[in-house]
Amino acid sequence: MKLGIVGLPNVGKSTLFNAITNAGAESANYPFCTIDPNVGVVAVPDERLTLLGNLYHSKKVTPAVIEFVDIAGLVKGASKGEGLGNQFLSNIREVDAVVHVVRCFEDPNVVHVDGSIDPMRDIETIDLELIFSDIEILERRIAKTSRSAINDKSLAKEVETLKAMKAHLEDGKLARSYVCADEDELAFVQSLNLLTWKPVIFAANVGEDDLPDDGASNPHVQKVRAFAKENGSQVFVICAQIEQEIAELDDDEKAMFLEDLGLKQSGLEKLIAASYDLLGLLSFLTSGEDETRAWTIKKGTKAPQAAGKIHSDFERGFIRAEVVNYQDLLDCGSYASARDKGLVRLEGKDYVVQDGDVILFRFNV
């Protein structure tokens, strides 16, 4: 999974990126200190892996990973080359979802590029830049496809869709609110890789005092939550400054620090939960002496396709899957014990894999 982090300058974007990736991207109280998109790969925290690894005495434990791309702070006119311009917008065309960091804290020592704290204005600024960038992409695509359609009448429908989407964006609407007529049109629109088609998770960056009640008493956060609900987006509340402090602690210290703050999860854990939920993802597990590993798949994936995540031969020669719930396996203390109790199931090619399934695939190529 790949997530792009966007936001106006000085909203806490690079601080958050540094905290969750420990990548050390330069963070400063001025715009555009992130000159190149910083990329950090983060392991998905998953206690199940540790427990299974201990049970099997695995030589290696491999978590699922998320790749974060930190984009330079956008400003009004970025799509037209203002600030550091459109080059950064191209960096988020390849991500699965956009994490939009919105400033919901007051601090006279940290300047806001527009002079005041107003998350709805900030969201609109970023959305408009993404819309303008998408319109530019569509204009080029319309010109190219229209020329080809002269000799290939089958492209007429594509031109029609491109023009309809452009008109939709010119009304100030995001691509993801466009209603596709059928599955073919949906597949075509998805292939365009439009920025405003991508799902969004809002990271409401608050001060430390707003963390214990998850921003419930912060009016800025309430506005962001209401907006996200209307637009089918996710929101999580974070204090980027606190996350940076947490990032420097070991696991035991981290747990104590979170407890002192009255928190159950770090911001990274909240973000990962929101991303999995928004993108409809889950993890199945494989475990043995050599390796215990988490594999990320879409909800609704059937056993052969899940097997294909491990190796294409597993999918091609799929025979069956031996499946046990990870908690049942842990409770029984061994795979043999779980099998004796009838908790290991043999599943065929129509089995839909569930979160927390521990699977042994049988195949023959």
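Everything in this summary refers to the structure shown in the same document. Per chain, residue numbering runs from 1 following the sequence as it is written. In keeping with the predicted nature of the model, local features appear solely for residues at pLDDT of at least 70, side-chain atom pairs appear and are counted solely at 80 or more, and the whole-chain, interface and lining totals rest on all residues. Side-chain calculation: all heavy atoms of the structure are included, whereas hydrogens and water are not.

## Some points on the overall build of the chain
Part 1: Under the scheme used here, helices are H or I runs from DSSP no shorter than 4 residues and strands are E runs no shorter than 2 residues, and both carry numbers assigned from the N terminus. Summing up its helical and strand segments, the chain has 14 helices and twelve strands in all.
Part 2: Three exposure classes are used, based on accessible area relative to the maximum for each residue type with a 1.4 Å probe and protein chains only: buried under 20%, partly exposed in between, and exposed over 50%. For the chain, the residues scored as buried account for 48% of the 365 residues in total.
Part 3: Working rule for contacts: check all heavy atoms of both residues, and any pair within 4.5 Å makes them a contact. Restricting the contact set of the chain to residue pairs at least 6 apart, pairs at least 24 apart contribute 68%.
Part 4: Accessible surface for the chain amounts to roughly 17,800 Å². Of this, 49% is attributable to carbon and sulfur atoms. Accessible surface area values rest on a Shrake-Rupley calculation with a 1.4 Å probe, where residue burial reflects the displayed protein chains alone.

## Regarding the pattern of salt bridges
Part 1: Here, a salt bridge means any Lys or Arg side-chain nitrogen found within 4 Å of an Asp or Glu carboxyl oxygen. The full count for this structure, using the stated rule, is 18 salt bridges.
Part 2: Residues R93 and D134 are paired through a salt bridge, measuring 3.2 Å at the closest nitrogen-oxygen approach. Of this pair, R93 sits in the loop between α3 (87–91) and β5 (97–103) while D134 sits in helix α4 (residues 119–149); the two residues are 41 residues apart in sequence, bridging distant segments of the chain.
Part 3: Judged by its relative accessible area of 10%, R93 falls in the buried class.
Part 4: The salt bridge partner of R225 is D214, with a shortest N-O separation of 3.0 Å. Residue R225 is found in helix α7 (residues 219–230), and its partner D214 is found in the loop between β6 (200–205) and α7; the two are separated by eleven residues along the sequence.
Part 5: Overall, R225 belongs to the partly exposed group, its relative accessible area being 26%.
Part 6: Judged by relative accessible area, D214 falls into the partly exposed class, the value being 32%.
Part 7: A single salt-bridge network, built from bridges that share partners, covers D46, R48 and D355.

## Some thoughts on the nonpolar core
Part 1: Definition used in this section: a nonpolar core is a set of buried Ala, Val, Leu, Ile, Met, Phe, Trp, Tyr and Cys residues joined via side-chain atoms within 4.5 Å. F68, L271 and L329 are the most contacted members of the largest nonpolar core, which totals 67 residues.
Part 2: Element by element, the count of residues in this core is highest for helix α10 (residues 267–279), at seven residues.
Part 3: Residues in contact with L329, not counting those within four places in the same chain, are L52, L55, Y56, V324, S334, Y335, A338 and V358.
Part 4: By size, the runner-up hydrophobic cluster in this structure holds 15 residues, among which are I142, M165, Y178 and L194.

## Focus on unusual backbone geometry
Part 1: For H57, which is not glycine, the phi dihedral falls at a positive 55°.
Part 2: Locating H57 in the fold gives a position in the loop between α2 (47–56) and β3 (60–62).
Part 3: Classification of H57 as exposed rests on a relative accessible area of 67%.
Part 4: Not every positive phi belongs to a glycine, and N193 is a case in point at roughly 60°.
Part 5: Looking at the element boundaries, N193 is found in the loop between α6 (183–191) and β6.
Part 6: Under the relative-accessibility criterion, N193 is labelled partly exposed at 25%.

## Let's talk about the sheet that holds strand β2 (residues 38–43)
Part 1: Pairs of strands are assigned from DSSP output, requiring at least two bridges between the strands. Strands sit in the order β2-β4-β1-β5-β6-β7 across an open sheet of six strands; the sheet is mixed. Pairing within the sheet leaves two strands with one partner each, and these edge strands are β2 and β7 (234–238). Strand-to-strand twist in this sheet, taken as the mean axis angle between neighbours without regard to direction, amounts to 25°.
Part 2: Across six bridges, the pairing between β5 and β6 is parallel. Looking across to β6, one finds that V99 is bridged to I201. Helix axes are fitted to C-alpha atoms over the stretch in contact, other axes to C-alpha atoms as well, and angles between N-to-C directions run from 0 to 180 degrees.

## Observations regarding helix α5 (residues 156–170)
Part 1: Here α5 contains 15 residues, and its C-alpha end-to-end distance of 21 Å stays within 8% of the 21 Å for a straight helix at 1.5 Å per residue.
Part 2: Every buried residue of α5 is accounted for by V159, T161, L162, M165, K166, H168 and L169.
Part 3: Considering only its buried residues, α5 is in contact with α4 and α6.
Part 4: Positioned one or two residues after α5, G172 has a phi angle of 85°, which is positive. The span one expects for a helix is its residue count, reduced by one, times 1.5 Å.

## Section: the packing of aromatic side chains
Part 1: Stacked, edge-to-face and tilted labels apply to pairs of Phe, Tyr and Trp rings (six-membered ring for Trp) whose centres lie within 6.5 Å, assigned for plane angles under 30 degrees, over 60, and everything in between, in that order. Counted under the stated rule, the structure contains five aromatic pairs.
Part 2: An aromatic cluster of at least three residues, connected via ring pairs, comprises F284, W295, F318 and F361.
Part 3: Two limits define a charge over a ring: the Lys NZ or Arg CZ must be within 6 Å of the ring centre, and within 35 degrees of the ring normal. Between R103 and the ring centre of F105, over which it is positioned, the NZ or CZ distance is 4.3 Å.

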